[in-house]
Every structure is written in structure tokens, then in C-alpha cells.
Amino acid sequence: MIYIHIPFCKQKCSYCNFHFSTSLNFKDEMLDAMKKEIFFRKDELQNKNLQSLYFGGGTPSVLSADEIKSLIDEVLKHFSFNSDIEITLEANPDDLNAQFLKGLSSSPVNRLSIGTQSFFDEDLKLMNRAHNASEAEGSIKRAQDFGFENLSIDLIYGSPTSNLEIWKENLNKTIALEIPHISSYALTVEPKTTLENWISKGKVSKPKEEEQNREFYYMIDFLKDHGFDHYEVSNFAKDGFYSRHNSAYWKYQEYLGIGPSAHSYNGNDVRSWNVANNQQYIKKLNSNILAKETEILSQQDQFNEMIMIGLRTIWGVDLTSLNQKFSPNILDKFNKEIQHKIEDGILKIEDNHLKIPEKHWFMADGIASDLFQI
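Named according to an unreviewed UniProt entry, the chain is Heme chaperone HemW originating from Chryseobacterium piscium. Under the UniProt heading Subcellular location (unreviewed entry), the entry covering the chain gives this text: "Cytoplasm".

**Re the sheet that holds strand β6 (residues 181-186)**
Taken together, the 9 strands give an open sheet; going across it, the order is β7-β8-β6-β5-β4-β3-β2-β1-β9, and neighbouring strands pair in mixed fashion. The two strands at the open ends of the sheet, each matched to only one other strand, are β7 (229-232) and β9 (256-258). When the angles between neighbouring strand axes are averaged without regard to direction, this sheet yields 20°. Relative to strand β8 (residues 235-237), β7 runs antiparallel, the two being bridged by 3 bridges. Within β8, the position partnered with His230 by the bridge is Phe236. Docked against the sheet, helix α2 (residues 65-78) engages β1 (2-6), β2 (49-57) and β3 (80-91), running at close to 145° with respect to β2.

**Some remarks on unusual backbone geometry**
Omega for the bond connecting Gly57 with Gly58 falls within 30 degrees of zero, at 25°, which places this linkage in the cis form. Mapped onto the elements of the fold, Gly58 is located in the loop between β2 and α2. At Asn128, a position not held by glycine, the phi torsion is positive, near 60°. Relative to the elements of secondary structure, Asn128 occurs in the loop between α4 (121-127) and α5 (133-145).

**Remarks on the side chain of Lys27**
Mapped onto the secondary structure, Lys27 falls in helix α1 (residues 27-40). Excluding anything up to four places from it in sequence, Lys27 contacts Phe8, Leu63 and Glu67.

**Topic: the packing of aromatic side chains**
The full count for this structure, using the stated rule, is 16 aromatic pairs. Between the aromatic rings of Tyr157 and Trp167, the centroid separation amounts to 5.5 Å while the plane-to-plane angle is 45°, which identifies the pairing as tilted. Of the two residues, Tyr157 is situated in strand β5 (residues 151-157) and Trp167 in helix α6 (residues 164-176); the sequence distance between them amounts to 10 residues. Residue Tyr157 shares its accessibility class with Trp167, and that shared class is buried.

**Considerations on the domain arrangement of the chain**
Its domain assignment divides the chain into domain 1 (2-251) and domain 2 (299-370). For domain 1 versus domain 2, the separation of C-alpha centres amounts to 29 Å. Summed over both partners, the interface of domain 1 with domain 2 comes to about 1,300 Å²; 63% of that surface belongs to carbon and sulfur atoms. If you look at where domain 1 meets domain 2, you find 2 salt bridges. Of the charged contacts in the structure, one is a salt bridge between Glu232 and Arg312, with a shortest N-O distance of 2.8 Å.

**So, the environment of Ser106**
When you line up the elements, Ser106 lands in the loop between α3 (98-105) and β4 (111-117). For Ser106, a relative accessible area of 53% puts it in the exposed group. On a C-alpha basis, the gap between Ser106 and Asn274 in space is 31 Å, while along the polypeptide they are 168 residues apart. Within polar-contact distance, the side chain of Ser106 engages the side chain of Lys69 at 2.9 Å. Side-chain polar atoms of Ser106 contact the backbone oxygen of Gly103, separated by 2.8 Å.

**Some words on the pairing of β6**
Of all 6 residues in β6, 5 are buried; the element is thus mostly enclosed. Bridge count for β5 against β6 is 6 bridges, and the pairing is parallel. Bridge pairing in β6 places Asp154 opposite Ser183. In the classification by handedness, the crossover that spans β5, the intervening α6 and the parallel β6 is right-handed.

**Focus: the nonpolar core**
Of all hydrophobic cores here, the largest spans 83 residues; its most connected members are Ile2, Ile4, Phe55, Leu112, Tyr281 and Leu322. Both domains that furnish three or more residues to this core are identified here as domain 1 (2-251) and domain 2 (299-370). Apart from the residues lying within four places of it in its own chain, the contact partners of Leu112 are Leu89, Leu96, Leu101, Leu104, Ala143, Phe148, Asn150, Leu151 and Ser152.

**As for the pattern of salt bridges**
One pass over the full model with this rule turns up 21 salt bridges. Here Lys10 makes a salt bridge to Asp95, at a shortest N to O gap of 2.8 Å. In this pair, Lys10 sits in the loop between β1 and α1 while Asp95 sits in the loop between β3 and α3, placing the two residues 85 residues apart along the sequence. A relative accessible area of 7% places Asp95 in the buried class. Close ionic contact of Arg41 with Glu37 constitutes a salt bridge, the shortest N to O distance being 2.7 Å. Given the relative accessible area of 1%, Glu37 is considered buried. Overlapping salt bridges, with partners in common, bring together Glu37, Arg41, Glu44 and Lys292 in one network.

What counts as what
- Residues numbered from 1 in each chain as written.
- Predicted model: local features only at pLDDT ≥ 70, side-chain atom pairs only at ≥ 80, totals over all residues.
- Heavy atoms only, no water.
- UniProt positions renumbered as here; feature names shortened; annotations may be inferred.
- Pairing = 2+ DSSP bridges.
- Helix = DSSP H or I, 4+ residues; strand = E, 2+ residues; numbered from the N terminus.
- Axes fitted to C-alpha atoms, helices over the stretch in contact; angles between N-to-C directions.
- Contact = heavy atoms within 4.5 Å.
- Phe/Tyr/Trp six-rings, centres within 6.5 Å; stacked < 30°, edge-to-face > 60°.
- Buried < 20%, exposed > 50% of the residue type's maximum accessible area, 1.4 Å probe, protein only.
- Domains from an automatic or database assignment.
- Buried area = accessible area lost by both parts, 1.4 Å probe.
- Salt bridge = Lys/Arg side-chain N within 4 Å of Asp/Glu carboxyl O.
- Polar contact = N/O pair within 3.5 Å; in protein donor to acceptor, adjacent residues only side chain to side chain.
- Right-handed = clockwise from strand over helix to strand, strands pointing away.
- Core = buried A, V, L, I, M, F, W, Y, C linked by side-chain atoms within 4.5 Å.

Have a look at this one:
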């Protein structure tokens, strides 16, 4: 599978620390550099028949439909598409006007991931989103009118501008709009963000973990009652609408990342990442030099990743694979550590897969980190 990072946004959200630029001055040069990178790295993926192509960012929907098609055409010069390939475009509601959707509907893109975040203006203002609540709802309906049925929306819970009743209304609106996939995250305060600055100056209250916990578990019960599978800590889907792209990440499959700051993985022990600087990225590719760094993952690194990722999903960690892949000195310590957590009900083993019971999923990352090998 291939991930293409589009490093442009109209404006900066208050909570975001991803790599992007709000200037589109070098958009054409960036697209040319990305096409070069696709060509230079076409042999890094063993499987040339793609199951998934994902446009993330940033905000890929700041591009025109023709620009998106041109990147897809470049991929098709070097790879084939599986007959049921999933091609996802992340999009902001304010970009999903009729003209853009009409152009996109004639492209191979067949899945939209819409950055809704909330259907309430007060939440959206705190997040410094470029859209309002009316646009959030309208963009979803327009996308459906243009034939996009495989839709995912992002929702953020635990904001200081929200509460449980508002969160319930957000979820009710999502059900009413017949969205088949939801990615939902607690509002987190990342370093060097506007939100962190506002909180440090007392302009905004800090998110309350107990409120986020309450909203998280309400969401689980509510979405299950409406036919959703909770297949990863932050992801819910109707049957047939799991994100194929993200599921491949969670199952340790190989992927190629194109664009500034994008990461790649060979499915075993090699990870690479591109420079998180637009100008450096363009300059290097213009000189026919890849703008990436590579590392060989140690046994400990590989083990820790498998634990962290696997314990966030309904599939858990395959203990057979773990025992085949890692040395006894790692496994002996691990087996002793999990016994205590199994006895305490924090972990369980089903069909030789290690899992966290769903009632403890809100603390999944902390539970996994306790099992890391250092």
C-alpha cells in the first residue's frame, strides 16, 4: 500500500502538531517532487498490486481534483490496482463543494475521510477549524449525493467547550447522517501548539481525563447499539467498512510513504522517514536525491511496536508469531509481566492472542508501555 502526505493546510488547527504549510506557493514544485519520489522508490514495495492508496496530510482536499488524479496516474505508471482497491482522500468540510466533488467523483477515489471533528460551532472555534457546524453536516450530505457511500468522519471528544450531552448530540447526528466509519480521538494537548499556549496562559481550561473517559465509554456502548464494530481503540465501523489502509498498518504490513514527513516500513525491520521540511524535500528531489533517513529496528523496537499496535485492536497480539520472531531473553521477561496483568484482569488470552479487555481500552497505551522491553 502507498500513503501520500499532502503537506498543505488553509490554516493551523489549535491542537495540531503534524507537518504542513499554510502557504501554497510551492504547490506545483511539491507535486513534481512527489512524482519523482514515486518513480525513484517504485521498487521498494515487494507487492506491486496495491490494495490501498491513501492521501493524508495536511489537507489533501486543498488540491484540485485534477491534481489528485495526476498523482494517481503517476502511481499507476509503476503499480497496478487490485480490482477492489480502497483509495482514500482526507478532506475538510469547507473544501467539499459541488465542483470539487463532481471532479472527484470521476476519479478513482472511492473513500472520503472527512475532518468533521464536531457538529458544534463552539468546539470548532476552539479547534480553529476552517469550517462551521453547518458546513460539517452539509459536506457529508453533498458527498453522499455525489455517490460517495464509503465515508469516514473524525470526531474529537473531551474538549473543554463540550460535555457529555453535547457529545451525545454529536453521536446522534453521526447516526442520522448514516456514516459507516468513525475515527474518534480525545482532545490532547500537544507540545508547541496553540492549544498548549492557551492553556498555559489560562485562556482555556485543560481537558479533563475523567470526562474524556466517560465520553469514550458512552461512545462504545452507543455505537455498538447502532451496529458498529469497535475494531481499534479509536475506530468504529459497520461491517464491510473497516479502513483497509489503517488495518494494514495495525497488522504490520509493508507500506511506502511519499511526501515530506511520510514514513515507510518494509514489513520487517526497516523503517524510513522523509525530511519534515517542504523546501528541503523539493530541493533534494530536484537534485535526484531521496529526502529520507532509514533505521534498522532492533529486536526490542520490533517487539515494542508489535505490542503497542496489537493491543490497540480487536485482533490483539498473535502469541504464535511473537514466539517465532523473538529471542527467549525478551519472551521470558514478557511472559512473567503479562501473568500479573492477566491475574488482575487487565489482559486476557483468546485463541492464543493477547488482548486488552475493552473496558480497559481507554488506558491501552499505558498498559502496552508497561510491557515494553528496554
